[in-house]
Amino acid sequence: MGRSQETFNKKEQEKKRAKKKQDKEAKKEERRANSDKGKSLDDMMAYLDEDGNIVSTPPDPTKKKKEIKQEDIRISVSKQEDLEPVDTLRKGTVTFFNDSKGYGFIKDHDTQESIFVHVNALTSPIKENDKVSFEVEMGQKGPTAVKVKLI
């Protein structure tokens, strides 16, 4: 007589598959029993009371409503006092300028900061050790002098 083609391992794997399938069906039935589908609109509705809390009961229409002025509603940051315009004109000394490459640096008299200057930002030609007045804008790599004039 021939041996059965089903080994112990195959039988165990088949038992595991059947158990998994049975568990899956049980979970499916449980989800069906506990599902929230089919609820009425009133069951799903939520309301806000006068204090902004979520409640399940609708507001009482007989209550007197509070009048709120539109100007009293603040959504963003409170208004700040207008600042007086800051003098953007600075003074400094040209520490380095290369005519052939078209750029250089100005040392600010107030902050002692070295500020990049490009030839396109000049209103008159400059050279090293010249006293200049300029405005500062933020460039790609940091502060850049613009509207550079000789003093």
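Residues numbered from 1 in each chain as written. Predicted model: local features only at pLDDT ≥ 70, side-chain atom pairs only at ≥ 80, totals over all residues. Heavy atoms only, no water.

The name that an unreviewed UniProt entry assigns to the protein is Cold-shock protein, with the source organism given as Adhaeribacter terreus.

> Is there a simple way to explain the overall build of the protein in this structure?
Looking only at helices and strands, one finds 2 helices and 7 strands in the protein. Reading the secondary structure of the protein in the N-to-C direction produces α-α-β-β-β-β-β-β-β. Relative to the compact-globule value of 15 Å for 151 residues, the protein shows a C-alpha radius of gyration of 39 Å, a clear excess of over 25%. Taken across its 151 residues, the protein has 15% of its residues classed as buried. Contacts spanning at least 24 positions in sequence make up 41% of the contacts within the protein whose residues lie at least 6 apart. For the protein, the computed accessible surface area is about 14,300 Å², with 51% contributed by carbon and sulfur atoms. For the protein, the distance from the average site of its 32 positive side-chain charges to the average site of its 29 negative ones is 12 Å. (Helix = DSSP H or I, 4+ residues; strand = E, 2+ residues; numbered from the N terminus. Rg over C-alpha atoms; globule rule 2.2 N^0.38 Å. Buried < 20%, exposed > 50% of the residue type's maximum accessible area, 1.4 Å probe, protein only. Contact = heavy atoms within 4.5 Å. Areas by Shrake-Rupley, 256 points an atom, 1.4 Å probe, with all protein chains shown as cover. Lys, Arg positive; Asp, Glu negative; His and termini not counted. Charge placed at Lys NZ, Arg CZ, Asp CG, Glu CD.)

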